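What the coordinates show
Next come the chains, spelled out residue by residue.
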Protein chains: 8
Amino acid sequence: YTQGFPEVIFGLGKTPEQIAAIFYQLAQKSNLVLATRCSHEAYAAVIRQVPEAQFHAVAGIISLGLPPDGSSSVGSSSDDSSSKVSMGETASIAVLSAGTADLPVAEEAVISAQAMGCQVHRIYDVGVAGIHRLIAHRSQLRQAHVLIVVAGMEGALASVVAGMVDVPVIAVPTSIGYGASFGGLAALLGMLNSCALGVGVVNIDNGFGAAALAATIMRQRQR
Amino acid sequence: YTQGFPEVIFGLGKTPEQIAAIFYQLAQKSNLVLATRCSHEAYAAVIRQVPEAQFHAVAGIISLGLPPDGSSSVGSSSDDSSSKVSMGETASIAVLSAGTADLPVAEEAVISAQAMGCQVHRIYDVGVAGIHRLIAHRSQLRQAHVLIVVAGMEGALASVVAGMVDVPVIAVPTSIGYGASFGGLAALLGMLNSCALGVGVVNIDNGFGAAALAATIMRQRQR
Amino acid sequence: YTQGFPEVIFGLGKTPEQIAAIFYQLAQKSNLVLATRCSHEAYAAVIRQVPEAQFHAVAGIISLGLPPDGSSSVGSSSDDSSSKVSMGETASIAVLSAGTADLPVAEEAVISAQAMGCQVHRIYDVGVAGIHRLIAHRSQLRQAHVLIVVAGMEGALASVVAGMVDVPVIAVPTSIGYGASFGGLAALLGMLNSCALGVGVVNIDNGFGAAALAATIMRQRQR
Amino acid sequence: YTQGFPEVIFGLGKTPEQIAAIFYQLAQKSNLVLATRCSHEAYAAVIRQVPEAQFHAVAGIISLGLPPDGSSSVGSSSDDSSSKVSMGETASIAVLSAGTADLPVAEEAVISAQAMGCQVHRIYDVGVAGIHRLIAHRSQLRQAHVLIVVAGMEGALASVVAGMVDVPVIAVPTSIGYGASFGGLAALLGMLNSCALGVGVVNIDNGFGAAALAATIMRQRQR
Amino acid sequence: YTQGFPEVIFGLGKTPEQIAAIFYQLAQKSNLVLATRCSHEAYAAVIRQVPEAQFHAVAGIISLGLPPDGSSSVGSSSDDSSSKVSMGETASIAVLSAGTADLPVAEEAVISAQAMGCQVHRIYDVGVAGIHRLIAHRSQLRQAHVLIVVAGMEGALASVVAGMVDVPVIAVPTSIGYGASFGGLAALLGMLNSCALGVGVVNIDNGFGAAALAATIMRQRQR
Amino acid sequence: YTQGFPEVIFGLGKTPEQIAAIFYQLAQKSNLVLATRCSHEAYAAVIRQVPEAQFHAVAGIISLGLPPDGSSSVGSSSDDSSSKVSMGETASIAVLSAGTADLPVAEEAVISAQAMGCQVHRIYDVGVAGIHRLIAHRSQLRQAHVLIVVAGMEGALASVVAGMVDVPVIAVPTSIGYGASFGGLAALLGMLNSCALGVGVVNIDNGFGAAALAATIMRQRQR
Amino acid sequence: YTQGFPEVIFGLGKTPEQIAAIFYQLAQKSNLVLATRCSHEAYAAVIRQVPEAQFHAVAGIISLGLPPDGSSSVGSSSDDSSSKVSMGETASIAVLSAGTADLPVAEEAVISAQAMGCQVHRIYDVGVAGIHRLIAHRSQLRQAHVLIVVAGMEGALASVVAGMVDVPVIAVPTSIGYGASFGGLAALLGMLNSCALGVGVVNIDNGFGAAALAATIMRQRQR
Amino acid sequence: YTQGFPEVIFGLGKTPEQIAAIFYQLAQKSNLVLATRCSHEAYAAVIRQVPEAQFHAVAGIISLGLPPDGSSSVGSSSDDSSSKVSMGETASIAVLSAGTADLPVAEEAVISAQAMGCQVHRIYDVGVAGIHRLIAHRSQLRQAHVLIVVAGMEGALASVVAGMVDVPVIAVPTSIGYGASFGGLAALLGMLNSCALGVGVVNIDNGFGAAALAATIMRQRQR
Ligand SMILES: Nc1ncnc2c1ncn2[C@@H]1O[C@H](COP(=O)(O)O)[C@@H](O)[C@H]1O
Ligand SMILES: Nc1ncnc2c1ncn2[C@@H]1O[C@H](COP(=O)(O)O)[C@@H](O)[C@H]1O
Ligand SMILES: Nc1ncnc2c1ncn2[C@@H]1O[C@H](COP(=O)(O)O)[C@@H](O)[C@H]1O
Ligand SMILES: Nc1ncnc2c1ncn2[C@@H]1O[C@H](COP(=O)(O)O)[C@@H](O)[C@H]1O
Ligand SMILES: [Mg+2]
Ligand SMILES: [Mg+2]
Ligand SMILES: [Mg+2]
Ligand SMILES: [Mg+2]
Ligand SMILES: [Mg+2]
Ligand SMILES: [Mg+2]
Ligand SMILES: [Mg+2]
Ligand SMILES: [Mg+2]
């Protein structure tokens, strides 16, 4: 990637063969490769050429160079181990999701952030219709250094969470919903109009972009 | 009115003189008259013809026949006192608002509902960015029989509230906000996509319509 | 469900296998289970695991614990029989639909409301282009305690019906139509702008949500 | 006008002086002149130059050559009197409006159609929330040869009316409403998606255009 | 049909089997049946039950009771032959289309209008980018009594044609185009904003609705 | 200006005083200055500081260094006279407008293009509802080397003109219209979907931008 | 073609058989034929009837009469060789694209422009996120006489490029992106609002239309 | 403010008297008060009650407790001086703006961020149409720890800047523009679709919200 991150392929609109070809090419020159928005078919094509590639099925990500637990052994700076120590121990990202259907986007954020050398905690199924479940995670929320909030439908989770913490919140609207959700527009507008402070919004379903922004913020801490 | 409510004038787009003329006319044949969306100028014109008219400045409502505390002595059914007893004592509507700027719409709902013979409680300034303030009102919320939730910007309050109670929630998006709020569209879409059950939505800024639906539900209780 | 209703699976976007697995799981701990937005294939997968499950083909609902006629033997409160008596005899919901193409949404509302313990009457094919057909049902309309109006295209039925009755009207816009219907937007906007009072709107095609709001209102009558 | 109608000035966006100047110019060469979308100020400017001009205040139309009752003594064909006889006696346009706020558009249609030599009947305040009022006018509706239906908010009147008659219905959405009416968009979409047959739609607030289409249809009857 | 036209089935969203079943049913009680928006598969299903049904492949219409040339031997009034004489000889509808891709909608209008007892002339491929081709048809245009203009993309044909004739123009926007055509929205808005008089607009791709409005106007001529 | 054109101030949203101050400043260092979107008040402020400034009232442009007839004596290249000879004699831009209300935008294009050293011809009031008027200008159209087509409402003029000529057509949608014109959106979409080839579109009301593109094309001829 | 270009078939929405039939027909009367938006299947059908047809797979164009390198031996004027000399040697179009996914549209522009007799240079993968790559091509950019800029997502490339050159820039938004790209709307709006001068915009994905406008401008140079 | 920032009044839609009253109230209990979106009239009202209040005219901000140079002597943490040292010396925010008209939003961000205890650098007038001006600031850009990019029209600046730096970029679309800018929608969509990584977007014109997110990120550095 041009900006200090692992090499990444955006799989949407590419055939399994195209993905496999690019993946193979990148694997020759980099020891950390990601392909997002990939199907099982794409993975089948990739492992024919790069047998050690892994598939993160919910996230739709094919990876190379990520340890099984998902956290990358290759950091965003050249001196990766120090980076891992400094961030992995004390600093972490929390990824929250509202509903089950939002999981693919949440997992895209999780795996991508891990590939960028971040420590990530998952806090899933905390949609605002059951506000007690969210509040039950309050202390966990407060330990994170950046929060990624993934929600579709009305996208209200971002505002509620941002009101509970003092750290940056990255809001990811998802296209989950139907009718007047208009493909994620309702969640997107809701997040842009957040009445809470400290919220930055990325494109609909853009779990990867949220991870990149979160990792950029995390790197700042070490500068 | 064709549906058993007080006579109502919709003031938007009418001159003070037009409002005063219609108000005077209705006051001849009805002892409970409302005019919504009215300015101080409209009130000045009305009291020249109907000196006992009252002005609810935040709501922008001119009323006749409403006792000072706002609750009407004329119910929606012919036998008003019994209605007042049965509803006033045991059953009530709670009107919640997210921010200060939503007050005109919230007050339009409050005064309108009172004019329709309902007991109303105000729970204001409980926007989701300070979720603890909302949660502090939990028991009050649970005592209401119908909730009217008034919120602009991302309109997330409706979902959170509906998740906390088992009674009908009437969601009123407001045009409060700017930029990507698009005149209340963000709040409207958010409320229509509510992930919580039991929410019915009315038009943007339509406090009066919310009150009418709430009053209709309340009347059902007595049937 | 968190709000006192049967367990419900939202089938849209889930594979038959996923639906069957969740259905089986819920059937272990609840004697009333619904899965909405399901295909015949999903039903085939479910009965392999839960042979007594029923399929409501027009509604696209798979149910468990609903008697053949669709009315649930399990009410929304723990003491279901009393609830059935009090509501079943004297109080009922009427579900109206405008055209044949709106039936899936109308039936989703009917079956869902029945599963929530409500007595439901169907009044179908009463679109406003044949206003006499609607008017012929006037007395039936007036007997209902809550009305659910399901209509696509211009969605005008909600306004006409709300003008004819004094009870709450829940308007469900459908995505039926083409061209300038924009996936149900025309009906949605029409219903939100209803010139009649007492109308609450839910999301496009959201028959289930309409049923939940209706059942919430019905429960209020017993409080 | 280029198409066989009276000379017409579109007043919107023109100063009183500009309107007066064009009006004077047209009055030199034509004995039937209309200016639509005009204020009292524009009328004051016009009569300074063309003292015999009339003002139709609700319609916002300044006219020359229209008898006081509004019906033109100058027909759309050269042989006006025969046209008046044949159309005035047996054929007529009915202009319906839903609410009081729609009157300016309805009157724009009425005065314009009269200026185009048509006999016009007004059927006002027949919005669908009080369907009995509309039905009470059934026989009047059936006598008209073309119907112009003017309605804002949800615009449902066009569908209901078109279902009651066998003649062409010209639907005029108005910008009356607020919030989700989006300046008449809700009514416009509603009318375009009419489930009744025989409806042609014109632009929002375009009473004049509706009159022109109606007059064109009326002229066809004589060909 | 409820409004004096042939029985019509709207095929969109119905399976071949459903179409065939309804077609068979209608064929029992009416000697003129249409099914619009039908595929070859639907036709195959229909002729198994109603062998004498015809398929108009470009229009996507299955018909019963329409002579091979498409013009119906059954008029819209009971006394069809007189109707045919009066209209067929002297009065006719012209259907214009802009491009080849608009033909399915244009043919839907043609076949539908014929089924409603109208004489129809086709004037195809006269898009405004080659204005001379349109002008070459000027005298033909002027002979028609009602014009149906079918155009996608920018939909400019309606304005140009309406400026050339003195008869009613029914504008049908089509969904032909891509990108900023937004499914026919560009053509729809263009036609609604026509700077020429005498234009009524129907829904996107609604060739059948245009025919119904045209036939309604034609019937007026005989009243 | 960074791109070889005169210095230009965009007056929209600036006070007369701000415009005058910037104008004065630019007049010190350049002998050709334009300020677009200016009122009479702005002009009054400017001439107090730069008495020789001119006002082009319809265009809303204040200019310095443009001869009375509007054509600039300062070309876009340093050797202005040769530029004027080569372009002024043989090559020219034609600016077409559809209606009177489009004139401010058309004139903004004309004056701006002249200030950029171009020869400009005006062909006004050739809207498509009177296609013969446009066709009467055919030979004039064919003499131009670039055409700027200014039209609001449905914006159809661009397609018709582009079909008549072989040279580049720059389409300028205007915000003229009301209702479904949505501030020029209808014209913009129409022009983007032009079925004729050789059309490039600029922003709504952007007569200045159209002139800049036209002048850029004209300069190419000399390279 | 009516405007002096090769014969072109627009393949979108046509079956391979339909494309092949039209292609064969045009090949009888023209020695330069293009079919755009074609699949491999369409090509297979075409070569069965016109064996010498070529397929430009990325562009999705089937051509006849274009030399292998893509540049046409048949110019847009009758005297093609002179045209080739004058344009091929000194004047050329540069086609820029932002990302890999934009290549089909960029190649549609390239092949189309070549077929119209233009010399074309490709400058690919110069998206604004790596501005140094674009700047590295500065001298190449400055040699072109017309630039076609193809970009999806935010479409920012057009503004940056137009600020770097003095020649006409034709901006082609693509539908590449997801979520808030809304099918190319984001890029389209971005390009229409370009803060740089000299930009004309065509429809989303319209590489062919951009080529036609560019070729029209190039032909002007020779007039 | 509820989240550890200074007390802030949102002035939009409040009268000068309302702003002054709230300002006075907050000044009693806090030594750092801001009021955004304020006019000169509001400032006049405020200083009558709080004479030491300052007005930042371009930003439209009234402040109390901010030293003349704009940087607050009160940090966001209780121990302000240490905070100032740690952040003021080594860490800073850069605020970039594209055009002059974007300055009010940029200044709102600057003053707000200063009030939150941040060191801020202004980099103004670096719109992408003059990319060299932006590139000339490259080293300055690279010294900042968070960038706020303020741009209207096409909003392309955010993508270009994010591609040049490795730190978080907060993109603020402005409502600057006209026509197809649709009140900032074009810039908003452009920024959401940024092809560069590390961009978080806030609402249109929300300079204050951008400052709050930036300050939240800066505080993270010290944790
Ligand atoms: N604030 C409001 N919002 C929406 N509808 C209202 C409002 N106030 C009054 N109305 C409705 O407007 C009707 C009166 O309209 P009008 O005849 O124009 O005064 C009343 O009967 C109400 O149904
Ligand atoms: N047809 C429906 N439309 C909207 N919401 C539904 C529908 N059916 C079920 N739901 C909701 O979806 C939830 C289950 O979602 P899930 O966990 O994704 O299966 C239920 O609790 C319901 O609140
Ligand atoms: N009418 C106009 N429409 C669009 N852009 C314009 C117009 N007039 C001037 N401009 C541009 O605005 C720039 C000046 O903007 P400003 O610095 O705000 O005065 C000029 O360089 C032109 O590129
Ligand atoms: N890719 C394209 N995008 C837009 N228009 C095209 C394209 N390819 C061809 N056309 C136009 O479509 C016309 C042919 O359309 P058709 O008759 O439907 O094949 C041609 O004359 C071109 O003007
Ligand atoms: Mg916070
Ligand atoms: Mg609830
Ligand atoms: Mg009612
Ligand atoms: Mg009818
Ligand atoms: Mg005409
Ligand atoms: Mg041309
Ligand atoms: Mg340039
Ligand atoms: Mg970066």
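Report on the accompanying structure. Model, not experiment: these values are computed from the prediction. (Residues numbered from 1 in each chain as written. Chains lettered and ligands numbered in written order. Predicted model: local features only at pLDDT ≥ 70, side-chain atom pairs only at ≥ 80, totals over all residues. Heavy atoms only, no water.)

Secondary structure assignment for chain A yields nine helices and nine strands. For chain A, the residues scored as buried account for 64% of the 223 residues in total. Put simply, of all contacts in chain A between residues at least 6 apart along the chain, 66% involve residues at least 24 apart. A total accessible area of about 7,500 Å² is found for chain A, and carbon and sulfur atoms account for 53% of it. (Helix = DSSP H or I, 4+ residues; strand = E, 2+ residues; numbered from the N terminus. Buried < 20%, exposed > 50% of the residue type's maximum accessible area, 1.4 Å probe, protein only. Contact = heavy atoms within 4.5 Å. Areas by Shrake-Rupley, 256 points an atom, 1.4 Å probe, with all protein chains shown as cover.)

Residue and element names in this part refer to chain F. Protein-derived coordination of the magnesium ion (ligand 10) comes from Ala162 (O) and Val165 (O), at a distance range of 2.1 to 2.3 Å. By relative accessible area, Ala162 is classed as buried at 0%. On the basis of relative accessible area, Val165 is assigned to the buried category, the value being 6%. (Donors = N, O, S within 2.8 Å, 3.2 Å for Na, K, Ca; no water.)

Our next topic: the interface of chain C and chain B. It is common to give the size of an interface as the accessible area that goes away when the parts come together. At the interface, 33 residues of chain C touch 34 residues of chain B. Summed over both partners, the interface of chain C with chain B buries about 2,800 Å², with 54% contributed by carbon and sulfur atoms. Connecting chain C to chain B are zero salt bridges. Applying the counting rule to chain C against chain B returns seven residue pairs in polar contact (both at pLDDT 80 or more). Within the residue set of the side of chain C that touches chain B, elements represented by two or more residues are helix H6 (138-143), helix H7 (157-164), helix H8 (185-192), strand S9 (199-201) and helix H9 (207-222) of chain C. With eight residues, the single largest contributor to the side of chain C that touches chain B is H9(C). (Buried area = accessible area lost by both parts, 1.4 Å probe. Salt bridge = Lys/Arg side-chain N within 4 Å of Asp/Glu carboxyl O. Polar contact = N/O pair within 3.5 Å; in protein donor to acceptor, adjacent residues only side chain to side chain.)

Another point: the relation of the copies chain C and chain A. Each copy superposes on the other: chain C lies on chain A with an RMSD of 0.0 Å after a rotation of 90° and an axial shift of 0.0 Å. Classification of the inter-copy transformation places it as that of a four-fold axis. Within chain C, Phe182(C) has its C-alpha nearest the rotation axis, a separation of 7.2 Å. Residue by residue, only 9% of the interface of chain C is reproduced at the interface of chain A, so the copies engage with different surfaces. (Least-squares fit on C-alpha atoms with pLDDT ≥ 70 in both.)

A few words on helix H7 (residues 157-164) of chain D. Burial analysis of H7(D) places seven of its eight residues in the buried class, the great majority of the element. Those residues of H7(D) lying buried are Leu157(D), Ala158(D), Ser159(D), Val160(D), Val161(D), Ala162(D) and Met164(D).

Next up on the list: the coordination of the magnesium ion (ligand 9). Within the protein, Ala162(E) (O) and Val165(E) (O) serve as the donor atoms for the magnesium ion (ligand 9), at 2.1 to 2.3 Å. Just as Ala162(E) is buried, Val165(E) falls in that class too.

On to the interface of chain C and chain A, then. Across the boundary between the two partners, chain C contributes 11 residues, which contact five residues of chain A. Carbon and sulfur atoms make up 63% of the area that chain C and chain A hide from each other, which totals about 640 Å². Counting across the interface, chain C meets chain A through zero salt bridges. Linking chain C with chain A are three residue pairs in polar contact (both at pLDDT 80 or more). Among the residues making up the side of chain C that touches chain A, the classes are represented as six nonpolar, three polar and two charged. (Nonpolar A, V, L, I, M, F, W, Y, C, P; charged D, E, K, R; others polar.)

Mapping chain C onto chain B calls for a rotation angle of 180° and an axial translation of 0.0 Å; the resulting RMSD is 0.0 Å. Such a combination of turn and shift is consistent with a two-fold rotation axis.

Further remarks concern the environment of Lys29(F). Residues and elements named next belong to chain F. Along the chain, Lys29 falls in helix H1 (residues 16-29). Residue classification places Lys29 among the exposed residues on the basis of a relative accessible area of 66%. Taking the C-alpha atoms as reference points, Lys29 and Arg138, separated by 109 residues in sequence, lie 43 Å from one another.

With that settled, consider the sheet that holds strand S2 (residues 33-36) of chain A. Residue and element names in this part refer to chain A. Ordered in space as S1-S2-S4-S3, the four strands form an open sheet in which the pairing is mixed. Looking at which strands have only one partner, the edges of the open sheet turn out to be strand S1 (7-10) and strand S3 (54-56). Here the strands of the sheet are splayed against their neighbours by 20° on average, with no regard to which way each runs. Sheet analysis places S2 next to strand S4 (residues 61-64), joined by three bridges and oriented antiparallel. Paired with Ala35 across the strands is Ile62, a residue of S4. (Pairing = 2+ DSSP bridges. Axes fitted to C-alpha atoms, helices over the stretch in contact; angles between N-to-C directions.)

Residue and element names in this part refer to chain A. Axis separation between helix H1 (residues 16-29) and helix H2 (residues 40-49) bottoms out at 8 Å; the angle between their running directions is 40°. Taken together, the axes of H1 and H2 are oblique relative to one another. The handedness of the crossing between H1 and H2 is right-handed. Of the residues in H2, those in contact with Pro16, Ile19, Ala20, Phe23 and Tyr24 of H1 are Glu41, Ala42, Ala45, Val46 and Gln49. Residues that form the contact of H1 with H2 fall into these classes: eight nonpolar, one polar and one charged. (Parallel < 35°, antiparallel > 145°, perpendicular 65-115°, else oblique. Left-handed = near helix turned anticlockwise from the far one by under 90°.)

Residues and elements named next belong to chain G. Within the structure shown, the criterion is met by 16 salt bridges over all chains. Salt-bridge contacts for Glu107 lead to Arg122; the nearest nitrogen and oxygen are separated by 2.6 Å. Placement of Glu107 in helix H4 (residues 103-115) and of Arg122 in strand S6 (residues 120-123) is noted, with a sequence separation of 15 residues between them. Of the residues examined, Glu107 reaches a relative accessible area of 11% and is grouped as buried. Owing to a relative accessible area of 41%, Arg122 belongs among the partly exposed residues under this scheme.

The next thing to look at is the pairing of strand S2 (residues 33-36) of chain E. Residues and elements named next belong to chain E. Residues Val33 and Ala35 line one face of S2 and the alternating positions Leu34 and Thr36 line the opposite face, and both faces are buried. With four bridges connecting them, strand S1 (residues 7-10) and S2 associate as parallel partners. Of the residues in S2, the one forming a bridge with Val8 is Leu34. In terms of handedness, the path from S1 via helix H1 (residues 16-29) over to S2 forms a crossover that is right-handed. (Right-handed = clockwise from strand over helix to strand, strands pointing away.)

Let us look at the packing of aromatic side chains. Throughout the structure, instances matching the rule amount to 16 aromatic pairs over all chains. Each ring, one from Tyr43(C) and one from Phe55(C), has its centre 5.1 Å from the other, and the planes form 15°; the classification is stacked. Linking Tyr43(C) in helix H2 (residues 40-49) with Phe55(C) in strand S3 (residues 54-56), this pair joins segments that are 12 residues apart in sequence. The buried category is assigned to Tyr43(C), whose relative accessible area is 19%. Taking 5.6 Å as the distance between ring centres and 25° as the angle between the ring planes, the aromatic pair formed by Phe10(D) and Tyr178(F) counts as stacked. (Phe/Tyr/Trp six-rings, centres within 6.5 Å; stacked < 30°, edge-to-face > 60°.)

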